[in-house]
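Coordinates in review
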Amino acid sequence: MHHVQVRIPARKQSYQIKVAGGLLAGLGDDSRAVLGQAARRVALISNPTVFNLYGETATAALRSAGFQVVNWLMKEGEQHKTLSSLSHALAFLSDQSVERSDAVIALGGGVVGDLAGFAAAVYLRGISFIQVPTTLLAQIDASVGGKTAVNTPAGKNLVGAFHQPRLVLIDTETLRTLPRRELTAGWCEAVKQGAIGSRALFDQTVRLLGKTQASQTEVCATIAAHCRFKASIVAGDEREAIDREDHRSRRILNFGHTTAHALEKITGFRRFRHGEAVGYGILVAGEISKNLGMLPADELESLRAAVALCGPRPPAGDLNIAEIINSTKGDKKSVGGIAKWVLLERIGRARIIDGNQIDKGVLRQSLRAALQS
Ligand code: NAD
Ligand code: GLY
């Protein structure tokens, strides 16, 4: 089993991420260990798909550790990560008389994790929260670092809170039931983290992607390495400080996201899974980095090969370049209407630059090259 410690020095907080196959059966004992004897009740928040697969095991494990388990299932899909669902979740917690010493447990992908985490952050001004992520994306990224949020009609993740979990329990066996497209999306995010993290993390990720039959040992080690990287970034910049633009600021996690958000927006959030759009975003950022003379051509080739290994993505070559550029300016990570681009100096080292420092011709050419691939 892998243990990764997440330390938030600014708040003297610390929690563990556990990674191994089969951990769900030990959810009760692990929860008891962090919540203590005062916790009587846990609210297990999930969705019907994930609950049908793993709800019984999770509930039995929690009951065997003496918890009363109450379940609330949100509707399936990103379109339900809303204030209305949050309000139903909060009403459920009140109706069930969940107390301050009790806890919320999120069992599912990033959608369930973000919504359940936000409910835990605001219910009774904040109660304990445990993440049990069941998608690759949530295991390497969304469950770590305490960002919780819901979407509003104005955009994604516009209302939320930082609320760190007490424990992240990653059972890699749950990936066996994950649809192929969700795996591709998760792998694209893994390539993103490798590209900005370190050459070693990038190479480890690519080695795993290149295997037709990877062992559980290799999968667990790679997921743990990603958690370790994300934990290191969060430890240094939990709140994504707006004045931080260095290569270890939390903002670098947005590598590939300026383009990805634009692609998702102009296709009405229907064509791409978020991670698939990030796959294109990585390539665009790589092209720009090379065209600005920052990134050597062979490093861009490595990025292209890595993204290709993640799996097929819906086509993007038909999309209107001017519309994409226009949409990047409205990105919520923009400052004063100027998009912030995370680029690469080399694999393993990111650099943040203002969009107005990128020549329009370079931007168009980079988008064209990357979106045709
Ligand atoms: P998701 O939660 O929508 O899950 C994808 C699909 O897989 C869903 O249909 C779900 O029901 C299904 N599923 C989940 N686990 C399964 C399993 N083991 N077997 C079979 N099916 C399973 O998508 P996601 O990619 O996990 O998360 C995306 C969300 O995460 C977005 O809302 C995004 O904003 C958020 N996010 C948050 C952070 C953060 O730091 N908080 C970081 C990245 C992304
Ligand atoms: N996924 C971006 C972050 O956690 O900051």
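In the block above lies the structure referred to throughout.
A brief structural summary. Not measured: the values here are computed from a predicted model.

Basis of the calculations
Residues numbered from 1 in each chain as written. Chains lettered and ligands numbered in written order. Predicted model: local features only at pLDDT ≥ 70, side-chain atom pairs only at ≥ 80, totals over all residues. Heavy atoms only, no water. Helix = DSSP H or I, 4+ residues; strand = E, 2+ residues; numbered from the N terminus. Rg over C-alpha atoms; globule rule 2.2 N^0.38 Å. Buried < 20%, exposed > 50% of the residue type's maximum accessible area, 1.4 Å probe, protein only. Contact = heavy atoms within 4.5 Å. Near = heavy atom within 4 Å. Polar contact = N/O pair within 3.5 Å; in protein donor to acceptor, adjacent residues only side chain to side chain. Areas by Shrake-Rupley, 256 points an atom, 1.4 Å probe, with all protein chains shown as cover. Nonpolar A, V, L, I, M, F, W, Y, C, P; charged D, E, K, R; others polar. Expected span 1.5 Å × (residues − 1). Axes fitted to C-alpha atoms, helices over the stretch in contact; angles between N-to-C directions. Parallel < 35°, antiparallel > 145°, perpendicular 65-115°, else oblique. Left-handed = near helix turned anticlockwise from the far one by under 90°. Disulfide = S-S within 2.5 Å. Salt bridge = Lys/Arg side-chain N within 4 Å of Asp/Glu carboxyl O. Pairing = 2+ DSSP bridges. Core = buried A, V, L, I, M, F, W, Y, C linked by side-chain atoms within 4.5 Å.

To continue, consider the overall build of the protein. Of the regular secondary structure elements, the protein holds 13 helices and eleven strands. The C-alpha atoms of the protein give a radius of gyration of 20 Å, which matches the 21 Å a tight globule of 373 residues would have. For the protein, the spread of C-alpha atoms along the three principal axes comes to 60 × 40 × 40 Å. Counting over 373 residues, the protein shows a buried share of 57%. Looking at the protein alone, contacts between residues at least 24 apart form 73% of all its contacts between residues at least 6 apart.

Let us now look at the site of ligand 2. Taken together, Asp-141, Lys-147, Lys-230, Glu-240, Arg-250 and Leu-253 are the residues near ligand 2. Separating an oxygen atom of ligand 2 from a side-chain N or O atom of Lys-230 is a distance of 2.6 Å. At 2.7 Å from an oxygen atom of ligand 2 is found a side-chain nitrogen or oxygen belonging to Arg-250. Bound to the protein, ligand 2 loses 85% of the 190 Å² it would expose on its own. In terms of residue class, the shell around ligand 2 is built from one nonpolar, no polar and five charged.

This part covers helix α4 (residues 110–122). Its 13 residues give α4 an end-to-end C-alpha distance of 18 Å, which sits within 8% of 18 Å, the value for a rise of 1.5 Å per residue. Within α4, eleven of the 13 residues are buried, which leaves the element mostly enclosed by the surrounding structure. Taken as a whole, α4 has its buried residues at Gly-110, Val-112, Gly-113, Asp-114, Leu-115, Ala-116, Gly-117, Phe-118, Ala-119, Ala-120 and Ala-121. Two residues or fewer past α4, Leu-124 is found with a positive phi of approximately 50°.

Their axes nearest at 10 Å, the elements helix α7 (residues 199–209) and helix α8 (residues 216–236) cross at an angle of 150°. Judged by the angle between their axes, α7 and α8 are roughly antiparallel. You can see that α7 and α8 cross each other, and the crossing is left-handed. Counting all contacts with α7, which are made through Leu-201, Gln-204, Thr-205 and Leu-208, the residues of α8 involved are Glu-218, Val-219, Ala-221, Thr-222, Ala-225, His-226 and Phe-229.

Counted under the stated rule, the structure contains zero disulfides. Lacking any disulfide linkage, Cys-220 is separated from the closest cysteine sulfur, that of Cys-227, by 11 Å. A relative accessible area of 7% means that Cys-220 is categorised as buried. On the basis of relative accessibility, which here comes to 0%, the residue Cys-227 falls in the buried class.

Going through the model one piece at a time under the given rule, you end up with 25 salt bridges. When the shortest N-O distance is used, the salt bridge between Asp-203 and Arg-199 registers 3.3 Å. Placement of the pair is Asp-203 and Arg-199 together in helix α7, with a separation of four residues, close to one helical turn. Salt-bridge contacts for Glu-299 lead to Arg-199; the nearest nitrogen and oxygen are separated by 3.1 Å. Separated by 100 residues along the polypeptide, Glu-299 in helix α11 (residues 297–310) and Arg-199 in helix α7 bring together distant segments of the chain. Shared partners join several salt bridges into a network, and the residues in it are Asp-141, Glu-189, Lys-192 and Lys-230.

Consider a sheet: its strands pair through backbone hydrogen bonds, and that pairing is either parallel or antiparallel. Spatially, β1-β2-β9-β6-β5-β3-β4 is the arrangement adopted by the seven strands of the open sheet, whose pairing is mixed. Across the chains shown, the open sheet's two edge strands, defined by having one partner strand only, are β1 (2–8) and β4 (68–73). Going from strand to strand, the sheet's axes swing by 20° on average, the running direction of each strand aside. The pairing of β1 with strand β2 (residues 13–20) spans seven bridges and is antiparallel. Residue pairing for β2: His-3 is matched across the bridge by Lys-18. Seen against the sheet, helix α2 (residues 48–64) touches β3 (41–46), β4 and β5 (103–108) and runs at an angle of roughly 165° to β3.

Time to look at the nonpolar core. Here is a general trend for soluble globular proteins: nonpolar side chains tend to be buried in one another's company. Among the nonpolar cores identified, the biggest contains 76 residues, and Ile-17, Ile-223, Trp-341 and Leu-371 are the most heavily contacted of them. By residue number, the principal contributor to this core is α8, which donates ten residues. Here Ile-17 is in contact with His-2, His-3, Val-4, Val-6, Val-144, Val-168, Ile-170 and Cys-227, once residues within four sequence places are set aside. Core analysis: the next-biggest nonpolar cluster, separate from the first, contains 24 residues, Ala-39, Val-42, Phe-51 and Tyr-54 among them.

That's the geometry; what it means functionally is another story.
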